[in-house]
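Listed below, chain by chain, are the residues.
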Amino acid sequence: MQQSPAIFLRSLISEAEKTFPSNDISIRRYEAERIITHILNIQRIDIYTNPKIDILEEQKKQIKALFQKRVNSEPLQYILGYENFRNLELNVGPGVLIPRPETELIVEYALRLLPAETPKVLDIGTGSGAIALSIAYESPITQVTAVDISLDALKYAKINKEKNNIKNIRIFENNLCDNFSPSSFDIIIANLPYVTEDEYLELDDEVKNFEPKTALTAGEDGLDLIRRLIPQAYKTLKSSGWLLLEIGYQQSNNVEKLLKENNFTNIETIPDFNNKDRIVKGQKI
């Protein structure tokens, strides 16, 4: 006897609750619901309340195939092909780092620091374009430049620019502040790799085995790229301009010291939603 669609979906969710990799059963259930709604183009509530859901055999195969990817620890965002970040939906996939919720905070602070007239912002290590595109979208008067050394990442950033129809941004390959004239930007933002080699070994499999290591690690102490960037950023910022860096939660003292050594002032460390040090900002005076 053939299962009804409702029984089929609930049996799938029950299996996911046992086999998906998260330690939290509610997250395992939520991820299963996300995959189902993605394939069937329905709302989560429909899984439990709509008796008239039709499921094609091909859709059943697709759901089961995506479930198996999640069982194998492939990130849900790669499986679905997108992630939400502030007001935008961003395409992501192998070769680009998945935007994290805590990174939304650096956008918030950058928006607060924008000058009133013709602001110019540089986002270094843009990845999927999450930071740069969010600033450009939420502040249409801002001229945003987004750069990365990864062509794979830039491919996603350019797709996301078109997907969200954002015009006030340019995206291209570049290494840190190379090729920019002195005193060019009001704000420079960088969410560069900052994971230490020891921390990398302890990351979850879905991060370590799928997301690009080059977008995560930067030397033994995680600060190789930040150490290179800070003096370059000082030259590239306008007078009174700001540098905002996302950091690891144990790196604030070292990063503040680097900023002071390179003549930045008004240095401040800002915690994230979990009260962990996440952003360090400094001003060029």
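Bear in mind that the values here come from a model prediction, so they are computed numbers and not experimental data.

Q: Talk me through the packing of helix α11 (residues 224–236) against helix α12 (residues 252–261); I want residue IDs and the actual numbers.
A: Interaxial distance between α11 and α12 falls to 9 Å at its minimum, and their mutual angle equals 25°. Judged on the interaxial angle alone, α12 and α11 are roughly parallel. The two elements α11 and α12 meet at a crossing, and its hand is right-handed. Residues I226, R227 and I230 of α11 lie in contact with α12, whose contacting residues are V255, L258 and L259. Here the residues of the contact of α11 with α12 sort into five nonpolar, no polar and one charged.

Q: Hey, could you go over unusual backbone geometry for me, with residue numbers and the actual values?
A: One non-glycine residue, N41, lies in the positive phi region at around 55°. For N41, the location among the structural elements is in the loop between α2 (25–40) and α3 (44–49). Even without being glycine, S73 reaches a positive phi, approximately 75°. In this structure, S73 sits in the loop between α4 (57–71) and α5 (76–80).

Q: Tell me about the packing of aromatic side chains, and please be specific about residues and values.
A: One pass over the structure, following the stated rule, counts four aromatic pairs. On the numbers, 5.1 Å between centres and 65° between planes, the contact of F20 with F67 is edge-to-face. Here F67 lies in helix α4 and F20 lies in the loop between α1 (5–19) and α2, a separation of 47 residues in the sequence. Consider the rings of F180 and F185, whose centres lie 5.3 Å apart with planes at 90°: the pair is edge-to-face. When sorted by exposure, F180 lands in the same class as F185, which is buried. An aromatic cluster of three or more residues is present, and its members are F172, F180 and F185. When the ring centre of Y109 is taken as reference, the NZ or CZ atom of R112 above it lies at 4.5 Å. The aromatic ring of Y234 is capped on one face by K284, whose charged end is 5.0 Å from the ring centroid.

Q: Describe the pattern of salt bridges, listing the residues and the values that go with them.
A: Evaluated as defined, the whole model comprises 15 salt bridges. Its salt-bridge partner being R227, residue D224 comes within 3.3 Å of it at the nearest N-O pair. Taken together, the residues D224 and R227, both in helix α11 and three residues apart, mark about one turn of the helix. In this structure, E268 engages K281 in a salt bridge whose closest nitrogen and oxygen atoms are separated by 3.2 Å. In this pair, E268 is assigned in strand β8 (residues 264–271) and K281 in strand β9 (residues 277–284), connecting sequence segments 13 residues apart. With a relative accessible area of 8%, K281 lands in the buried category.

Q: Describe the nonpolar core, and please don't skip the residues or the numbers.
A: One finds I106, I135, I169, I187, I189 and L244 to be the most contacted residues of the largest nonpolar core, which totals 29 residues. Take this core: its biggest share by element is six residues, from helix α7 (residues 130–138). Apart from residues no more than four positions distant in its own chain, I106 is found in contact with I131, I189, L244, L245, E246 and I279. Grouped together as the second largest cluster of nonpolar side chains are 26 residues, A190, Y194, L258 and V280 included.

Q: How would you summarise α1 if you had to cite specific residues and measurements?
A: Since the α-helix packs 3.6 residues into each turn, any two residues three or four apart lie on the same face. The first and last C-alpha atoms of α1 sit 21 Å apart over 15 residues, in line with the 21 Å expected at 1.5 Å per residue. Where α1 is concerned, the buried positions are F8, L9, L12, I13, A16 and E17. Where α1 is buried, its residues meet α2, α3 and α4.

Q: Talk me through the pairing of strand β4 (residues 143–148); I want residue IDs and the actual numbers.
A: Residues in a regular strand point their side chains to alternate faces of the sheet. Most of β4 is tucked away, with five of its six residues classed as buried. Pairing geometry for strand β3 (residues 120–124) and β4, over five bridges, is parallel. Among the inter-strand pairings, D123 is bridged to a residue of β4, identified as A146. The parallel pair β3 and β4 is bridged by α7, and the resulting crossover is right-handed. Sheet topology places β4 next to strand β5 (residues 169–173); five bridges connect them, and they run parallel. If you follow T145 over to β5, its bridge partner there is R170.

Rules used throughout
Residues numbered from 1 in each chain as written. Predicted model: local features only at pLDDT ≥ 70, side-chain atom pairs only at ≥ 80, totals over all residues. Heavy atoms only, no water. Axes fitted to C-alpha atoms, helices over the stretch in contact; angles between N-to-C directions. Helix = DSSP H or I, 4+ residues; strand = E, 2+ residues; numbered from the N terminus. Parallel < 35°, antiparallel > 145°, perpendicular 65-115°, else oblique. Left-handed = near helix turned anticlockwise from the far one by under 90°. Contact = heavy atoms within 4.5 Å. Nonpolar A, V, L, I, M, F, W, Y, C, P; charged D, E, K, R; others polar. Phe/Tyr/Trp six-rings, centres within 6.5 Å; stacked < 30°, edge-to-face > 60°. Buried < 20%, exposed > 50% of the residue type's maximum accessible area, 1.4 Å probe, protein only. Lys NZ or Arg CZ within 6 Å of the ring centre and 35° of its normal. Salt bridge = Lys/Arg side-chain N within 4 Å of Asp/Glu carboxyl O. Core = buried A, V, L, I, M, F, W, Y, C linked by side-chain atoms within 4.5 Å. Expected span 1.5 Å × (residues − 1). Pairing = 2+ DSSP bridges. Right-handed = clockwise from strand over helix to strand, strands pointing away.

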